[in-house]
Amino acid sequence: MEAQQYKSDQYVRFCPGCGDHAILMALTKAMASLGIPTHQTAVISGIGCSSRMPHYLATYGFNTIHGRGGAIATGVKTSHPELTVWQMSGDGDCLAIGGNHFIHEIRRNVNLNICLFNNRIYGLTKGQYSPTSPKGFVSKSSPYGTVERPFIPAELVLGARGTFFARTLDVDMPTSVDCMVAAAKHKGAAVVECLVNCVIFNNGAHSLIADRETRADRTIILRHGEKMLFGKDKEKGLALDYSSGVIPRLTVVAADDERVLVHNAREKDPTLHRMLALMDGEAGLPVALGVIRAVEEETYDEAVNRQIEEVRSQAKAKTFDELTQTLERF
Amino acid sequence: MERQNIVVRFCGDSGDGMQLTGNMFASLSAILGDEISTLPDFPAEIRAPQGTLSGVSGFQVNLGQGVHTPGDKADVLVAMNAAALKVCVLGSAFAVPGARYDAGVSMLKRDAVIIVDMDALSEKDLEKALYKTDNPFTELGLPETIQVVPVRLTQMTKESLSESGMDMKAILKSRNMFALGLVCWLFDRPIDKAVHFLEGKFKKKPQLIAPNVKVLTDGYHYGQNLALTVNRIRLTTCQEAESAKGHMTSIAGNKATAWGLIAAAENAGKRLFLGSYPITPATDIMHELAARKDMGVMVVQAEDEIAGVCTAIGASFAGDLACTSTSGPGLSLKGEAIGLAVMAELPLVVIDVQRGGPSTGLPTKTEQTDLLQAMYGRNGECPAVVLAASTPADCFHYAYEACRLALEHMTPVLLLSDTYLANGTSLWRIPTLAELPAIHPQGVPSEMKGHYNPALRDERGVRYWAYPGMEGYEHRNMGLERDSERGTISTNPENHQLMVQARQSKIARIADELPLLHVEGNEHSDTLLVGWGSTRGHLLAAADEVGCAAVCFNYINPLPRNTAEVLGRYKRVIVCELNSGQFAAVLRAHIPGLKLEQVNAVSGQPFQVEHIVEQLIR
């Protein structure tokens, strides 16, 4: 299948230059590469710029209400596990109004592919700070700077015992496609944090890492089984530094240093995944992109359906008329 | 003594097993062909401080013939402790200090019989129940017409189980079975059936069967041997019940609701999906469905009320029969999502087991105060079907009907039940699946393959239903307004006007297939009692008493076609409801110029028939 076949006939109304255009492109490419037919795919969203996504796709789509995409997607996938279900959400939709559904779909490990568009701003309501806006961020609703501490989405995912977390950048098309394909193939709740730019209300939201000149030094693309190397010529690597006390810290070393870590996304213990996901581009540590964590565990939808089958296979009464026979009759 | 019907109230501490005792007694009576109507009345606390007025738990059952309600007042009271005695005699746990028996507010009739555990009236017991003297009967001002039968329930239960090897705590927990045995003797109920029930009840704890059976039997024999100085009561048995013999059972409203959904799913050929969150008094619906995996029912206990309805909407979008169950506070939280189902035109069944409100209100008490919330509690012009059940047993019928209307008309249907129906039981004639009306879920014509969009409607104005997995019908549904032809997002003003009307008329048209109103009682009277939902029994009883007509609505939106005509026939139309006039407001809006009188009560309790009659005569 071609990426084009996953696009609907609707005119794409994202603002010119918006990072969502790139994510839409990456998503259709990922869908084409997966080759799952459009009628077996459902894309569920809440409300926000990113939640317009279903309209632009040729799959089944449901653009629902603010924050509830996760709960609705849970209903779709649990009742029909044979479908491939995507959830499109933003930092407001997913982490503010829909925060409860977000942590619980992850806790249950519902087999969903969740694209979390993080532009650190409310775009559709025209520019208020979001739960991921940095402290001090000036917006229409925080004219003197927000005094709130932001969420780091990866921490929420790991805190909810998430089995999959990946991160990508709107301008990095290959990584975006790779992350989405990996998310779709992962059995369980797979969160792909898409760092996107909002040209209108938060232009340069991720410029620290998105700028072409500095990107290679300020990001690292993690691949399972490969050494953690970055820089223009992959001349730098990540290692654990034990010198500062009991808790080791990540540090940058030369690529040929024997301490350079090899990425293991399948490690059940999330400690190192968390350290990698928390690197914020400061102190010389690069922002981690790619699949940071991918651990297989039983999914909720599988378990629920299996339990029903098990009970049914041993039940004496399987129909209403058989059920009423079990009643005390007068 | 032979009576047509009799009201028995079991009352004790919330740990005394009064609900089990009452339910068993009601079922034993139903086996004999009695009609039954029950009213459990328990505190919100799981275990309030023992022996206190706030911890009193009651169970009232009316049995016999012509039973419409659990009865205003009891003929027989079984009081397990001092607090229960006080609450029942004075009519409430909140009577002022020094209050005495008053026939108007007491839970007991003037000629009632009180069976009371004398061992539970010690100084300490009386103190906990805030008595001022050491003679509770004098202090409560019991009239001489009330007969007190003192029984040493505790002592005799201890004696009965002295050789059982059970510890004292477990022995004392069996007091209720002694009381049940005694009442079975009093009413000539078959003890062998009670034994059979106990075996079922303790299937998982077989070591408890023998001691409970022993206490029960000893209680029965106690009555027999000592020939208690009270007349045994014989009820005239119901002849009509003969024809249905072998097809009847007693069922609680919540269970009947759950089973109605199960039956509907099977007849519709759909998987039943329930998304729900625990809330009193609706939770038993989720419990029942979670246990019915044998029927293929899928239950998601969601993270909150909103997720309860939203997972259901997701399942509906994917083609299932989807339901959510809740009570008033939960309905408030679900409002926006129900609006989404209205806008997306997806089938959805929302069950609201009403309780006392507003806010957390009275979680274990009954009210009809969610009617307007069910009708209008959503943003925008947001019509949905609203139904209400009338008896515990007909919760089955209306749950089934809610599913049928939702699936055939692509709309949310709100079914109103309440605490009174949810926990109460009545006789249910067990149907077979084939007897129930067929359900034809809306589908999509195959010629639309490749050209389908979610705005396409049939001649009834009902949107065609295609869902994921169906090849060639891929589409985008949404909560945004859609173009009436293409199904895509539209902000066009004329289109919005058109769509508002389309959603409205789709619901209005359903009235064409609903049963017409049926007047009961003396329909030639010039006075009509009007009610809806669970007050039906009280209205019929009141109408019988004063010789007027009564009509009870089960379809609230849309209203039956002949509503204006029926109400127009009567000189006095009196709307009786357990709120401050919500249905009266709906009727006034529906029938301009209609003159209505109102009888309202919002006390958290079902109507008292007497209260309605008094208002009528006044």
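Since we're looking at a predicted model, the values are computed, not measured. (Residues numbered from 1 in each chain as written. Chains lettered and ligands numbered in written order. Predicted model: local features only at pLDDT ≥ 70, side-chain atom pairs only at ≥ 80, totals over all residues. Heavy atoms only, no water.)

> Residues and numbers for the overall build of chain A, please.
Secondary structure summary: chain A contains 11 helices and 11 strands in total. By the compact-globule yardstick of 20 Å for 330 residues, chain A fits well, its C-alpha radius of gyration being 22 Å. In terms of principal-axis extent, the alpha carbons of chain A reach across some 80 × 45 × 45 Å. In chain A, buried positions account for 57% of the 330 residues. Restricting to contacts in chain A with at least 6 residues of sequence separation, those with at least 24 account for 64%. On chain A, roughly 14100 Å² of surface is accessible, and the fraction owed to carbon and sulfur atoms is 52%. In chain A, 36 positive and 37 negative side-chain charges are present, and the distance between their average locations comes to 3 Å. (Helix = DSSP H or I, 4+ residues; strand = E, 2+ residues; numbered from the N terminus. Rg over C-alpha atoms; globule rule 2.2 N^0.38 Å. Buried < 20%, exposed > 50% of the residue type's maximum accessible area, 1.4 Å probe, protein only. Contact = heavy atoms within 4.5 Å. Areas by Shrake-Rupley, 256 points an atom, 1.4 Å probe, with all protein chains shown as cover. Lys, Arg positive; Asp, Glu negative; His and termini not counted. Charge placed at Lys NZ, Arg CZ, Asp CG, Glu CD.)

> So, the sheet that holds strand 8 (residues 229–230) of chain A: which residues are in play, and what are the values?
All names here are of chain A. Ordered by their spatial adjacency, three strands build an open sheet running 8-9-10, and the pairing between neighbours is antiparallel. Strand pairing shows two members of the sheet lacking a second neighbour, strand 8 and strand 10 (249–254), which therefore form its edges. Bridge analysis of strand 8 against strand 9 (residues 236–241) gives two bridges, and the strand direction is antiparallel. When the sheet's bridge partners are listed, Leu 229 is paired in strand 9 with Gly 237. Packing against the sheet, helix 9 (residues 271–278) makes contact with strand 9 and strand 10, and its axis sits at approximately 70 degrees to strand 10. (Pairing = 2+ DSSP bridges. Axes fitted to C-alpha atoms, helices over the stretch in contact; angles between N-to-C directions.)

> So what's going on with the sheet that holds strand 12 (residues 321–326) of chain B? Residues and values would help.
Residue and element names in this part refer to chain B. The sheet built from seven strands is open, its strands ordered 11-10-12-13-15-14-21 with mixed pairing. The sheet terminates laterally at strand 11 (298–301) and strand 21 (555–557), the two strands that pair on one side only. Strand-to-strand twist in this sheet, taken as the mean axis angle between neighbours without regard to direction, amounts to 20 degrees. Bridging between strand 12 and strand 13 (residues 348–354) involves four bridges; their strand directions are parallel.

> Tell me about unusual backbone geometry, and name the residues and values.
For residues that are not glycine, phi is negative in most cases, and the peptide bond is trans in most cases. The amide bond that connects Thr280(B) to the next residue, Pro281(B), takes the cis arrangement and shows omega of 0 degrees. With respect to the helices, strands and loops of the structure, Pro281(B) is situated in the loop between strand 10 (272–276) and helix 11 (283–290). Here Asn557(B) and Pro558(B) are connected by a cis peptide whose omega angle stands at 0 degrees. Tracing the backbone shows Pro558(B) in the loop between strand 21 and helix 19 (563–568). Of note, the phi angle at Asn109(A) is positive, near 60 degrees, even though the residue is not glycine. Here Asn109(A) is to be found in the loop between helix 4 (99–108) and strand 4 (113–118). The buried category is assigned to Asn109(A), whose relative accessible area is 5%. For Lys126(A), which is not glycine, the phi dihedral falls at a positive 75 degrees. Within the fold, Lys126(A) resides in the loop between strand 4 and helix 5 (153–159).

> Please set out a positive patch on the surface residue by residue, giving values where relevant.
Residue and element names in this part refer to chain B. Side chains of Arg 47, Lys 169, Lys 173, Lys 201 and Lys 205 sit close together on the surface and give a patch of like positive charge. Among the secondary structure elements, Lys 173 is positioned in helix 6 (residues 168–173). Classification of Lys 173 as exposed rests on a relative accessible area of 56%. (Patch = residues over 30% accessible without salt bridge, like charges linked within 9 Å, V, L, I, M, F, W, Y side chains within 5 Å. Salt bridge = Lys/Arg side-chain N within 4 Å of Asp/Glu carboxyl O.)

> How would you summarise the interface of chain B and chain A if you had to cite specific residues and measurements?
Residue-level contacts link 70 residues of chain B with 53 residues of chain A. Between chain B and chain A, roughly 4900 Å² of surface is buried when both sides are summed, and carbon and sulfur atoms account for 65% of that area. When residues of chain B are sorted by the area they lose upon contact with chain A, Lys293(B), Glu303(B) and Arg476(B) head the list and together hold 14% of the total. For the pair chain B and chain A, the number of links is one salt bridge. Note that Glu303(B) and Arg108(A) form a salt bridge whose closest N and O atoms lie 2.8 Å from each other. In terms of residues, the side of chain B that touches chain A owes the most to one element, helix 12 (residues 305–317) of chain B, which gives eight residues. Considered class by class, the residues forming the side of chain B that touches chain A number 40 nonpolar, 16 polar and 14 charged. As judged from the three bridges shared by strand 2 (residues 60–63) of chain A and strand 17 (residues 476–478) of chain B, these two strands associate in the parallel manner. Paired with Asn63(A) across the bridge in strand 17 of chain B is Met478(B). (Buried area = accessible area lost by both parts, 1.4 Å probe. Nonpolar A, V, L, I, M, F, W, Y, C, P; charged D, E, K, R; others polar.)

> Could you give me a rundown of a negative patch on the surface, with the residues and numbers involved?
Residues and elements named next belong to chain B. Judged by side-chain charge, Asp 544, Glu 545, Glu 610 and Glu 614 come together as a negatively charged surface patch. If you list the elements that add at least two residues to the negative patch, you get helix 18 (536–546) and helix 21 (609–617). Position of Glu 614 among the secondary structure elements: in helix 21.

> Could you give an account of the state of the cysteines, naming the residues involved and the relevant values?
Counted by the stated rule, this structure contains zero disulfides over all chains. No disulfide involves Cys198(A); its sulfur sits 6.5 Å from that of Cys18(A), the nearest cysteine. For Cys198(A), a relative accessible area of 9% gives the class buried. No disulfide involves Cys88(B); its sulfur sits 3.3 Å from the nearest other cysteine sulfur, which is in Cys11(B). On the accessibility criterion, Cys88(B) (0% relative accessible area) is buried. (Disulfide = S-S within 2.5 Å.)

> An account of the environment of Arg463(B) is requested, with residue identities and associated values reported.
All names here are of chain B. In this fold, Arg 463 is placed in the loop between strand 16 (425–429) and strand 17. Between the alpha carbons of Arg 463 and Glu 345 there is a distance of 7.0 Å; along the sequence they are 118 residues apart. The residues touching Arg 463, leaving out its near neighbours within four places in the chain, are Ala 344, Glu 345, Leu 346, Met 410, Gln 442, Tyr 452, Pro 454, Leu 456, Arg 457, Asn 477 and Arg 482. At 3.2 Å, the side chain of Arg 463 and the backbone oxygen of Glu 345 are in polar contact. Here Tyr 452 takes part through its side chain, which lies 3.1 Å from a polar atom of the side chain of Arg 463. (Polar contact = N/O pair within 3.5 Å; in protein donor to acceptor, adjacent residues only side chain to side chain.)

> So what about the pairing of strand 22 (residues 572–577) of chain B? Which residues, and what values?
Residues and elements named next belong to chain B. Buried residues dominate strand 22, accounting for five of its six residues. Sheet topology places strand 19 (residues 527–532) next to strand 22; four bridges connect them, and they run parallel. Counted as the bridge partner of Thr 527 is Arg 572 from strand 22. Sheet topology places strand 22 next to strand 23 (residues 597–600); four bridges connect them, and they run parallel. Across the sheet, Cys 576 pairs through a bridge with Val 599, a residue of strand 23.

> I'd love a proper account of the layout of surface pockets, names of residues and values included.
Residues and elements named next belong to chain B. Roughly 1000 Å³ of internal volume is contained in the second largest pocket. Around the second largest pocket, the lining is made up of 41 residues, and of these Asp 41, Gly 91, Ser 92, Met 107 and Gln 605 lie nearest the centre. Listing elements by their share of the lining of the second largest pocket, those giving two or more residues are strand 2 (5–13), strand 3 (35–41), strand 4 (56–64) and helix 21. Element by element, the count of residues in the lining of the second largest pocket is highest for strand 4, at four residues. (1 Å grid on protein atoms, 1.4 Å probe; cavity = no way out; pocket = protein on both sides within 12 Å on 5 of 7 lines; lining within 4 Å. Points joined across faces, edges and corners; volume = space filled by probe spheres on them.)

> Tell me about the packing of helix 1 (residues 19–34) of chain A against helix 6 (residues 173–185) of chain A, and name the residues and values.
Residues and elements named next belong to chain A. At a minimum axis separation of 8 Å, helix 1 and helix 6 run at an interaxial angle of 50 degrees. Viewed along their axes, helix 1 and helix 6 adopt a mutual orientation that is oblique. For helix 1 against helix 6, the interelement crossing comes out right-handed. Within the contact between the two elements, helix 1 uses Ala 22, Ile 23, Met 25, Ala 26, Leu 27, Lys 29, Ala 30, Ser 33 and Leu 34 and helix 6 uses Met 173, Ser 176, Val 177, Met 180, Val 181, Ala 184 and Lys 185. For the contact of helix 1 with helix 6, the class distribution of residues is 12 nonpolar, two polar and two charged. (Parallel < 35°, antiparallel > 145°, perpendicular 65-115°, else oblique. Left-handed = near helix turned anticlockwise from the far one by under 90°.)

> Would you mind going over the confidence of the model for chain B in detail, with residue names and values included?
Here chain B shows a mean pLDDT of 93. Residues at 70 or above account for 97%. Interface confidence for the predicted complex, given as ipTM, is 0.98, next to a pTM of 0.95. (pLDDT = per-residue confidence, 0-100.)

> Kindly report on the nonpolar core, identifying the contributing residues and their values.
Phe102(A), Leu289(B), Val530(B), Phe553(B), Leu567(B), Phe583(B) and Leu587(B) are the most contacted members of the largest nonpolar core, which has 165 residues in total. The element best represented in this core is helix 15 (residues 394–409) of chain B, accounting for 10 residues. Aside from chain neighbours lying at most four places away, what touches Val530(B) is Leu539(B), Val551(B), Phe553(B), Leu567(B), Val573(B), Ile574(B), Val575(B), Cys576(B), Phe583(B) and Leu587(B). One finds Val8(B), Met80(B), Val113(B) and Ile209(B) within the second-largest nonpolar core, a separate group that totals 50 residues. (Core = buried A, V, L, I, M, F, W, Y, C linked by side-chain atoms within 4.5 Å.)

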